[in-house]
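Each chain, written out:
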Amino acid sequence: MRGLTLGDAFGETWFFRPAETLETALVERRLKDGPWLWTDDTAMALSLLRILDRHGRVDQDALAAEFAGAYAADPYRCYGASMHDVLRAIGDGEPWPVVTRRQFDGMGSWGNGAAMRVAPLGAWFAGDLDTVVAEAVRSAEVTHAHPEATAGAVAVAVAAALSVRGVPGGELIEAVAARVPDGEVASRLRRATRFALSADPRHVAGMVGCGSLISAADTVPYAIWCAAANLDDVTEALWATALAGGDVDTTCAIVGGIVAARTGLAGVPEAWLAACEPLPSPLVMNPGQ
Ligand code: AR6
Ligand code: MG
């Protein structure tokens, strides 16, 4: 969870800088002064973690209510465009299956929002990959009805579980692809396996996207390649991920979540930890205990 937040907040600092200085700042590794504020990626991951803590699995109605409550309490976290309507309607008492299925002319959202929040779930269930897949699907459906959004969530959750289990970077992407249903996410994941893990992330982004379209397919395969290429060092992983631009808070949230599931925050510079907006403490509140 803390790795996801660090990535989210670090990634968000690369927005709103003049485009011509952005790549130079990244190459020269010039950090922005804190505070680095976290966004919807973290807000939704926290809600999901609370539900796992409270129910031991994804109770979809409880998760929908938790998402809507967190949104109502703090809507200024740069949520995806359709989420304002979805979370308000759920908060107003409409059933989530009805609300999510009517988005985008009945297609449902294929945005990367279900993937950006799910790495801690993969770590939570890391001992059982079938459960990781099933619970990732359930966590996605509450806001994202399109199968590509679900596929993106499955891919990230499985990657986080395999990260915990110590799978080497060279095997990670294919092992993830084997668990993802056929479609654009799976096909771009397979395209990503053609790049050596020493390749320049910008070349990989050129072939599979890096989130400029905010879709799961355009975001998740790149993030999983970046994580696989830097599985033992969360700071290096985040620098590498940001280099290509795109949806940087979300690619970095995904990568931070996957890599830190293995490494924790060991080795992260003190200045980064001090700059990152703190999480609520305790992370989860279980009033029954
Ligand atoms: N047809 C066309 N465009 C779509 C479709 C579709 N079926 N589905 C999604 N999009 P959204 P999220 C595009 O709004 O997934 C925050 O910045 C459309 O442009 O459902 O939670 C986070 O940090 C839509 O607005 O929300 C993430 O970066 C966009 O995909 C991101 O937003 C996102 O889908 C998470 O977004
Ligand atoms: Mg965000």
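Let me begin by describing the structure that accompanies this report. Just so it is clear, the model here is predicted, and its values are computed rather than measured.

## Focus on the side chain of E12
By the secondary structure assignment, E12 is in helix α1 (residues 2-12). Filtering out sequence-adjacent residues up to four positions away, E12 remains in contact with L37, T39, C78 and D249.

## Regarding the layout of surface pockets
Of the pockets and cavities examined, the largest pocket occupies roughly 510 Å³. In this structure, the largest pocket is lined by 29 residues; those nearest its centre are G80, A81, N112, I214 and D247. Broken down by secondary-structure element, the contributors of at least two residues to the lining of the largest pocket are α3 (40-55), α5 (81-91), α7 (113-116) and α16 (248-263). Split by residue class, the lining of the largest pocket holds 13 nonpolar, 11 polar and five charged.

## Quick notes on the coordination of the magnesium ion (ligand 2)
Around the magnesium ion (ligand 2), the protein contributes the donor atoms T39 (OG1), D40 (OD), D41 (OD) and D249 (OD), at 2.0 to 2.3 Å from the metal centre. Considered as a linear motif, the donors of the magnesium ion (ligand 2) on their single chain read T-D-D-x207-D.

## Here we look at the site of ligand 1
The immediate surroundings of ligand 1 are formed by 21 residues, with S82, S109, H144, D247 and D249 found nearest. Contact between ligand 1 and D41: an oxygen atom at 2.9 Å from a side-chain N or O atom of the residue. Protein burial of ligand 1: of its 700 Å² of free accessible surface, 85% is covered by the chains. Of all elements in the fold, only α3, α5, α7 and α16 reach the threshold of two or more residues within the shell around ligand 1. Classifying every residue of the shell around ligand 1 by side-chain character gives eight nonpolar, nine polar and four charged.

The rules behind each value
- Residues numbered from 1 in each chain as written.
- Chains lettered and ligands numbered in written order.
- Predicted model: local features only at pLDDT ≥ 70, side-chain atom pairs only at ≥ 80, totals over all residues.
- Heavy atoms only, no water.
- Helix = DSSP H or I, 4+ residues; strand = E, 2+ residues; numbered from the N terminus.
- Contact = heavy atoms within 4.5 Å.
- 1 Å grid on protein atoms, 1.4 Å probe; cavity = no way out; pocket = protein on both sides within 12 Å on 5 of 7 lines; lining within 4 Å.
- Points joined across faces, edges and corners; volume = space filled by probe spheres on them.
- Nonpolar A, V, L, I, M, F, W, Y, C, P; charged D, E, K, R; others polar.
- Donors = N, O, S within 2.8 Å, 3.2 Å for Na, K, Ca; no water.
- Near = heavy atom within 4 Å.
- Polar contact = N/O pair within 3.5 Å; in protein donor to acceptor, adjacent residues only side chain to side chain.
- Areas by Shrake-Rupley, 256 points an atom, 1.4 Å probe, with all protein chains shown as cover.

Functional significance is not addressed by these values, which are geometric in nature.
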